[in-house]
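# Structural overview
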Amino acid sequence: MSRIASVHGVLPPHRYPQAELTEFFAELCLPEGRDHEIVRRLHSSAKVDSRHLALPIGRYRELDGFGAGNDAYLAVAVELGAEAVTGALAEAGLEPGDVDLIMSTTVTGIAVPSLDARIAARIGLRPDVKRVPLMGLGCVAGAAGIARLHDYLRGAPGEVAVLVSVELCSLTVQRDDPSVANMVASGLFGDGAAAVVAVGAGRADGHTGPVVVDSLAHLYPDTERAMGWDIGGTGFKIVLGAEVPALVAKYLGADVEDLLSAHGLGIGDVGTWVCHPGGPKVIDAIQAALGLDPEALAMTWKSLRDIGNLSSASVLHVLRDTLAERPPAPGTWGVLMALGPGFCAELVLLRW
């Protein structure tokens, strides 16, 4: 088994209340003179109070195309990613030279060399560090990344592996696009980064974070258009299907039961749930599919309210908040989960 040694989340310094962001993005995306009321209703239904942006709000008017947006992404993403990794290593009592593998995930910008290579150079990782960049997993990648670190460390029990997630969703909002999907995205998604340090069984002494016991992935059939991007000359145009809550209702309960039953467990044995805050309808669907009391997902609702949906970084922020504010008692079973483009689910079984 591998063990999570630390989780560190970071946010850009530019924080704005939802009401201010609503009016700004309505002006940016709607034709001149169009009533903002529909945007206000969509943003209000997101149940987000505030969000952090990669840039000061006035800078977004200066981004005149995909190239300018991606340049801004690269500048901010490397800084935030480096801050997240160095913070996580410090909390784990480790140095950059201890890292044997770094995995990066993002779906809001394009970087070649990849973010992990740029961060490695910035913070002084070893030149022989193994790198695994992930692109395209979207919101599910925080959970999938932890699962893939675990897969690696099972075969390298004496090593240290790091996952870094950086998502700057605000830089993907399409100006002059009044579509409902673009309006929903402009009210739900925020910007941020997070890093996880995991250690193999041979390096686990002295670390007290949860053990990763198992994982489960499920790629749902015929759901490619449920969530993702259409990529064109103006960059990343959001695809958000109304069927996502129904897919959760159809599949997630059986997925969780399959993961748990392999270890002689049931839903009632899980004391801690760490769920990606995909949006109010998705969170409600998760609660209903698993028969959970709303309090079971209190940290997920809090993260959505305070910082919005950070795509792949969100579930890592929820995990960080859970460890800091509601640390489970030793012996507690936990399930960490996220959903994303594919459409798919990734579940991780934890034990404190």
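Residues numbered from 1 in each chain as written. Predicted model: local features only at pLDDT ≥ 70, side-chain atom pairs only at ≥ 80, totals over all residues. Heavy atoms only, no water.

The chain goes by Type III polyketide synthase in an unreviewed UniProt entry, where it is assigned to Amycolatopsis antarctica. According to the UniProt record, the Sequence similarities (unreviewed entry) comment for the chain reads "Belongs to the thiolase-like superfamily. Chalcone/stilbene synthases family." (UniProt positions renumbered as here; feature names shortened; annotations may be inferred.)

## What to know about the environment of Ala-217
Positionally, Ala-217 belongs in strand β8 (residues 211-219). A relative accessible area of 52% places Ala-217 in the exposed class. The residues contacting Ala-217, other than those within four sequence positions of it, are Ala-345 and Glu-346. (Helix = DSSP H or I, 4+ residues; strand = E, 2+ residues; numbered from the N terminus. Buried < 20%, exposed > 50% of the residue type's maximum accessible area, 1.4 Å probe, protein only. Contact = heavy atoms within 4.5 Å.)

## Focus: the domain arrangement of the chain
The domains assigned to the chain are domain 1 (3-199) and domain 2 (211-351). One C-alpha centre belongs to domain 1, the other to domain 2, and the line joining them spans 18 Å. Each partner contributes to the interface: domain 1 provides 54 residues, whereas domain 2 provides 46 residues. Taken together, the two surfaces of domain 1 and domain 2 that pack against each other cover about 3800 Å², and 68% of this comes from carbon and sulfur. The largest contributions to the domain 1 side of the interface with domain 2 come from Phe-66, Cys-139 and Gln-174, which together make up 16% of the buried area. Between domain 1 and domain 2 we count one salt bridge in total. (Domains from an automatic or database assignment. Buried area = accessible area lost by both parts, 1.4 Å probe. Salt bridge = Lys/Arg side-chain N within 4 Å of Asp/Glu carboxyl O.)

## Thoughts on the packing of helix α8 (residues 280-290) against helix α9 (residues 298-307)
Packed helices, taken two at a time, are described by their axes: the angle between them and the distance between them. Following both chains from N to C, one finds α8 and α9 inclined at 180°, their axes separated by 11 Å at the closest point. The orientation of α8 with respect to α9, classified from their angle, is roughly antiparallel. Touching Pro-280, Ile-283, Asp-284 and Gln-287 of α8 are Thr-300, Trp-301 and Leu-304, all from α9. A per-class count over the contact of α8 with α9 returns four nonpolar, two polar and one charged. (Axes fitted to C-alpha atoms, helices over the stretch in contact; angles between N-to-C directions. Parallel < 35°, antiparallel > 145°, perpendicular 65-115°, else oblique. Nonpolar A, V, L, I, M, F, W, Y, C, P; charged D, E, K, R; others polar.)

## Remarks on a nonpolar patch on the surface
Taken together, the side chains of Ile-110, Val-112 and Met-135 define a hydrophobic patch exposed on the protein surface, amounting to about 310 Å² of accessible area. The exposure class of Ile-110 is partly exposed, given its relative accessible area of 40%. (Patch = residues over 30% accessible without salt bridge, like charges linked within 9 Å, V, L, I, M, F, W, Y side chains within 5 Å. Areas by Shrake-Rupley, 256 points an atom, 1.4 Å probe, with all protein chains shown as cover.)

## Remarks on the pattern of salt bridges
Should their charged atoms come close, side chains of opposite charge can pair. Enumeration over the complete set of coordinates arrives at 17 salt bridges. Here Asp-100 makes a salt bridge to Arg-126, at a shortest N to O gap of 3.0 Å. Here Asp-100, found in the loop between α3 (66-91) and β4 (101-106), pairs with Arg-126, found in the loop between α4 (115-123) and β5 (130-135); they are 26 residues apart in sequence, far enough to count as distant. Judged by its relative accessible area of 11%, Asp-100 falls in the buried class. With its nearest N and O atoms 3.7 Å apart, the salt bridge here joins Glu-159 to Lys-130. Highlighted residues: Glu-159 in the loop between α5 (141-155) and β6 (160-168) and Lys-130 in strand β5, separated in sequence by 29 residues. Given a relative accessible area of 35%, Lys-130 falls into the partly exposed group. Via salt bridges that share partners, Lys-302, Arg-305, Asp-306 and Glu-325 belong to a single interconnected network.

## Some words on the packing of α9 against helix α10 (residues 314-325)
Direction vectors running N to C along α9 and α10 enclose 115°, while the axes themselves pass 10 Å from each other. As for the relative orientation of α9 and α10, their crossing is right-handed in sense. Residues Met-299, Thr-300, Lys-302, Ser-303 and Ile-307 of α9 touch α10, and the partners they reach there are His-317, Val-318, Asp-321, Thr-322 and Glu-325. Residue composition of the contact of α9 with α10, by class: three nonpolar, four polar and three charged. (Left-handed = near helix turned anticlockwise from the far one by under 90°.)

## Description of the side chain of His-8
Tracing the backbone through its elements, the reader meets His-8 in strand β1 (residues 2-10). We classify His-8 as buried; its relative accessible area is 19%. Apart from residues no more than four positions distant in its own chain, His-8 is found in contact with Glu-83, Ala-84, Gly-87, Ala-88, Glu-91, Ala-193, Ala-194 and Ala-195.

## Some thoughts on the packing of aromatic side chains
Here the structure, examined in full by the defined rule, presents seven aromatic pairs. Between Phe-25 and Tyr-60 the ring centres are 6.5 Å apart and the planes differ by 70°, which places this aromatic pair in the edge-to-face class. Of this pair, Phe-25 sits in helix α1 (residues 18-29) while Tyr-60 sits in the loop between β3 (50-53) and α3; the two residues are 35 residues apart in sequence, bridging distant segments of the chain. Ring plane angle 10° and centroid distance 4.2 Å describe the contact between Tyr-220 and Tyr-251, whose orientation is recorded as stacked. Residue Tyr-220 is located in the loop between β8 and β9 (227-232), and its partner Tyr-251 is located in helix α7 (residues 244-261); the two are separated by 31 residues in the primary sequence. Tyr-251 matches Tyr-220 in its accessibility class, with the two residues each being buried. Pairwise contacts between aromatic rings join Phe-24, Phe-25 and Tyr-60 into one cluster. (Phe/Tyr/Trp six-rings, centres within 6.5 Å; stacked < 30°, edge-to-face > 60°.)

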